[in-house]
There are 2 protein chains.
Amino acid sequence: MKNLSRAEFIKMSVLAGTAFSILPSKLVFGNNNSKLRLGFIGTGLRGQELLRLCLQRNDTLIPAVCDIDERMLAMTHKLFENAARPQPEVYSGDPYAYRELLSRSDLDAIIIATPWNWHYPMSMDALDAGKHVGCEVIMAKTVQEHWDIVRKTTETGLQYMMLENVCYRRDIMAVLNMIRQGLFGELIHMQAGYQHDLREVKFNNGEQPYGGGVLFGSEAFSEARWRTQHSVERNGDLYPTHGIGPISKMLNIYSGNRFTSLTSMASKARGLHEYIVKEAGPDHPNAKVEFKLGDVVTTTLSTANGETVLLQHDTNLPRPYSLGFRVQGTRGLWMDINKSLYIEGETAPHRWEEAQAWLERYDHPLWKRFENEAAGAGHGGMDFFVVNAFIEAIKANEPVPIDVYDAAAWSVITPLSEQSVAAGGAVQQFPDFTEGKWRTKPDLFARDDRY
Amino acid sequence: MKNLSRAEFIKMSVLAGTAFSILPSKLVFGNNNSKLRLGFIGTGLRGQELLRLCLQRNDTLIPAVCDIDERMLAMTHKLFENAARPQPEVYSGDPYAYRELLSRSDLDAIIIATPWNWHYPMSMDALDAGKHVGCEVIMAKTVQEHWDIVRKTTETGLQYMMLENVCYRRDIMAVLNMIRQGLFGELIHMQAGYQHDLREVKFNNGEQPYGGGVLFGSEAFSEARWRTQHSVERNGDLYPTHGIGPISKMLNIYSGNRFTSLTSMASKARGLHEYIVKEAGPDHPNAKVEFKLGDVVTTTLSTANGETVLLQHDTNLPRPYSLGFRVQGTRGLWMDINKSLYIEGETAPHRWEEAQAWLERYDHPLWKRFENEAAGAGHGGMDFFVVNAFIEAIKANEPVPIDVYDAAAWSVITPLSEQSVAAGGAVQQFPDFTEGKWRTKPDLFARDDRY
């Protein structure tokens, strides 16, 4: 398939009578010498990385930030200082201080990087305040909340982008490029997941962000303050988007395809308890905590076009990091765990071939163009691209490439998975957040080298 | 755990009050100078490999074989000739000629290596005729048929062994050894499957066994004569045992554990049709055949002890062979796709380590002892072990290490999977073929270096 420019693609869709509401009437971009005015809610470690990338750019103004943690705010001030930028106004002192930030009239868009449970109210409030939203992964907690954000976004004509950085991983974008050029034939089956030993993220000593103790909740620092509690209370795929985001873009989800159902099963929960006992002994108070989250959660999804997707969540056990991608079509497959691929007629019969040369040959135009800018950005450069895409799309009054429908479809996997696990693996039907528009909605993700 | 001798193990189980009916009263071993008298039903290519291994041994007599294919029978005679053995009496000419073979009084046991649909009637008839059964994988087609064979075996006091060779793969036995010594901790999640591009098995030119044409059914030769039709008529995991067999032995299925439920989803079916079109053009009559079997079938199982098992079936697409094993516990994991493992505290943190040195260090006693005998046997030596185990157990009046309960649990996955796929992934409850005895039944698989 020819890579269309974004403008061509939109034009084609309109001419074909398949126009989708891509230019919301209320899109009011408060342009100030082409600078986007951003407010940050949440400047913990993740927020700081996004902030750092925004501060590096000459097309942003960041007049306001919000956080309730003094230590994180001190680090935030340092970032502004390092970037030789004017210090922002700080909103703090109360969990709802963010609402004061939202009431400012000099902000075009908000970047939200707070604990998961806050994404929903903060996104809703930001949209109500007339601000575009760029939100870290995990949209909301319940199916209904996902609908709320989709509808609020549509009603306001504003934009909501999920900042899912793995969509921009270099090998994944090369594979997307290969898919679009037909190298894998018709796609049949996909795999991905989040397989990451988070024990030192879920527990620390209250001083350092990672490990050194078995504290979580209010005694802990950084993510362990809030993320671990989800492992106490919930059982399902709690973190699906790093896997399903890239897979969705490959499968044209909501651009001619959609997820139709899923089923999830969870293994027993042993890892977190064993870690506490190993690190602090059986008498530590946290050794009495019962963790509900199964150590490995396995989810299978079906799609309207007949592909299957396997998604895994595995965060409590000792293991090397792996997102476990597999892309399989009628002509061959790629797997990242063995860094290999197979393409019928192109690679030697019945044998794996190292993928690297192929990934380089099909390097995505975006990576070719921004390789230098991405160098040094978080997570192997991916963070540069996701921030860049959000800022450039909003500046250009164009639809964000990971929109509210995408975000809802990816993030709603968590509550659906929880329901399935609780019901012994019972199949859950997938909501269609586009209400039928998925058949003709264009896919604007990484169609050219702009963003 | 100390490796007990088989005799010690049985004794211990009896003393512990957990005796299981391990020495059926009707076990009548017609010993002739310690030689086991075997009849072969099915001497196609698979049967011939099993036959060749039996002919190499000095503890077998093979007075009778049965097949209906003259070409295969000619090859069979050659095997006897090559082994300098007396030619067997041949039963042929009619699909039910095997019943005449079964009526002979000079056979202790029957080896069945026929098309899947024949395994059930032949096994039932063999048991009725008072013969022990060693049957190639796939026990039967329906859930009820699996029950029938379990009950017939129990009632007759005879033995039924599934000849699942992958249980004896060298790396898998080393990993089993590691599991039994606690290296992976408590097991949590397992993966395996049958990922094998069978297009040249499912189609040939009627002359050669593999490829060269797109014929199947009566016009084809060897497996394509019968195996392909299953892909036309059925949708589910049609070949689960190579994956689930080894996994079951690792999880102590039916020795303190059992499968409780499964769910299966199938992708669309494209691979076989595309192969026909690619090889023979869209006008070939077989290009009109609709194949029901989804190209990739994904099954998740739950167990009584809380582990999850992912099982994949993938036989219609171009790909390198891989059974996709993964063994994961509270201390680490092994995966065969990247030939790597990770063991907390033993391997470098957060990194994969090549598995080879570990597999050598934990080489199973059986492989150490029989390495030379296994050399040259089919499927990398595995076939030697599965044949050896069947013959030695029957000769010794001891329970076969892959018994009728194991066989039923592994093979029944196919009809359960078909039911689940047909119902959009709906959860299927697993029958307990041991009717409660799974809690205390000893595991006799590869406990020592005898067989």
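So, a few notes on the structure that sits alongside this text. (Residues numbered from 1 in each chain as written. Chains lettered and ligands numbered in written order. Predicted model: local features only at pLDDT ≥ 70, side-chain atom pairs only at ≥ 80, totals over all residues. Heavy atoms only, no water.)

Let us now look at helix α11 (residues 271–280) of chain A. Residue and element names in this part refer to chain A. Looking at α11, one finds that the buried residues are Gly-271, Leu-272, Tyr-275 and Ile-276. Along the axis of α11, the buried positions cluster into a sector of 135°, meaning they face one direction only. On its buried side, α11 packs onto α8 (199–202) and α9 (227–233). Phi for Gly-281, located one or two positions after α11, is positive at around 85°. (Buried < 20%, exposed > 50% of the residue type's maximum accessible area, 1.4 Å probe, protein only. Helix = DSSP H or I, 4+ residues; strand = E, 2+ residues; numbered from the N terminus. Arc of directions from axis to C-beta. Contact = heavy atoms within 4.5 Å.)

Residues and elements named next belong to chain B. The six strands lie next to each other as β3-β2-β1-β4-β5-β6, forming an open sheet whose pairing is parallel. For this open sheet the edge positions go to β3 (89–91) and β6 (160–162), each flanked by a neighbour on one side alone. Across the sheet, the axes of successive neighbouring strands diverge by a mean angle of 25°, strand direction being ignored. Of the strand pairs in this sheet, strand β1 (residues 36–41) and strand β2 (residues 60–66) are connected by five bridges, and their pairing is parallel. (Pairing = 2+ DSSP bridges. Axes fitted to C-alpha atoms, helices over the stretch in contact; angles between N-to-C directions.)

This part is about unusual backbone geometry. The bulk of non-glycine residues show a negative phi, and the bulk of peptide bonds are trans. Positive phi, close to 50°, is recorded for His-379 of chain A, a residue that is not glycine. Summarising the element assignment, His-379 of chain A is placed in the loop between α13 (365–374) and α14 (382–395). Exposure remark for His-379 of chain A: the relative accessible area of 52% places this residue in the exposed category. Backbone geometry at Ala-84 of chain B places phi at a positive 55°, although glycine is not the residue there.

Another point: the interface of chain B and chain A. Taken residue by residue, the interface counts 54 residues in chain B and 54 residues in chain A. With both chains or domains summed, chain B and chain A bury close to 4,200 Å², and 58% of this area falls on carbon and sulfur atoms. When the buried surface of chain B facing chain A is broken down by residue, Met-265, Lys-268 and Pro-320 of chain B rank first, second and third, together holding 15% of it. Remark: the boundary between chain B and chain A carries twelve salt bridges. With a shortest N-O distance of 3.1 Å, Arg-326 of chain B and Asp-314 of chain A are connected by a salt bridge. One can count 20 residue pairs in polar contact (both at pLDDT 80 or more) joining chain B with chain A. Elements with a minimum of two residues in the side of chain B that touches chain A: β7 (187–195), β8 (259–266), α11 (271–280), β9 (296–303), β10 (308–314), β11 (326–329) and β12 (332–335) of chain B. Among the residues forming the side of chain B that touches chain A, the class breakdown is 18 nonpolar, 21 polar and 15 charged. (Buried area = accessible area lost by both parts, 1.4 Å probe. Salt bridge = Lys/Arg side-chain N within 4 Å of Asp/Glu carboxyl O. Polar contact = N/O pair within 3.5 Å; in protein donor to acceptor, adjacent residues only side chain to side chain. Nonpolar A, V, L, I, M, F, W, Y, C, P; charged D, E, K, R; others polar.)

All names here are of chain B. Two elements in contact, helix α6 (residues 143–156) and helix α15 (residues 404–411), have axes whose closest approach is 10 Å; the angle formed by their N-to-C orientations is 180°. Relative to α15, the element α6 lies roughly antiparallel. In contact with His-146, Ile-149, Val-150, Thr-153 and Thr-154 of α6, α15 contributes Val-404, Tyr-405, Ala-408 and Ser-411. Counted by class, the contact of α6 with α15 contains five nonpolar, four polar and no charged residues. (Parallel < 35°, antiparallel > 145°, perpendicular 65-115°, else oblique.)

Residue and element names in this part refer to chain A. It is at 10 Å that the axes of helix α7 (residues 170–180) and helix α10 (residues 241–250) come closest, and there the two elements cross at 20°. What the angle tells us is that α7 and α10 run roughly parallel. Crossing handedness for the pair α7 and α10: right-handed. Residue-level contacts link Ile-172, Val-175, Leu-176 and Ile-179 of α7 to Pro-246, Lys-249 and Met-250 of α10. Per-class residue counts for the contact of α7 with α10 are six nonpolar, no polar and one charged. (Left-handed = near helix turned anticlockwise from the far one by under 90°.)

So, on to the pattern of salt bridges. Counted under the stated rule, the structure contains 74 salt bridges over all chains. The shortest N-O distance in the salt bridge between Glu-398 of chain B and Arg-450 of chain B comes to 3.2 Å. Taken as a pair, Glu-398 of chain B in the loop between α14 (382–395) and α15 and Arg-450 of chain B in the segment after β15 (428–429) lie far apart in primary sequence, 52 residues in all. By relative accessible area, which is 15% here, Glu-398 of chain B ends up buried. Taken together, the salt bridges that share partners define one network made up of Arg-180, Lys-249, Asp-406, Asp-443 and Arg-447 of chain A.

Applying the stated criterion to the full structure yields 40 aromatic pairs over all chains. Each ring, one from Phe-203 of chain A and one from Phe-291 of chain A, has its centre 6.1 Å from the other, and the planes form 90°; the classification is edge-to-face. In this pair, Phe-203 of chain A sits in the loop between α8 and α9 while Phe-291 of chain A sits in the loop between α11 and β9 (296–303), placing the two residues 88 residues apart along the sequence. Overall, Phe-291 of chain A belongs to the buried group, its relative accessible area being 12%. Their ring planes at 25° and their centres at 5.7 Å tell us that Phe-203 of chain B and Tyr-275 of chain B sit as a pair that is stacked. Pair noted here: Phe-203 of chain B is in the loop between α8 (199–202) and α9 (227–233) and Tyr-275 of chain B is in helix α11, with a separation of 72 residues, a long-range link. (Phe/Tyr/Trp six-rings, centres within 6.5 Å; stacked < 30°, edge-to-face > 60°.)

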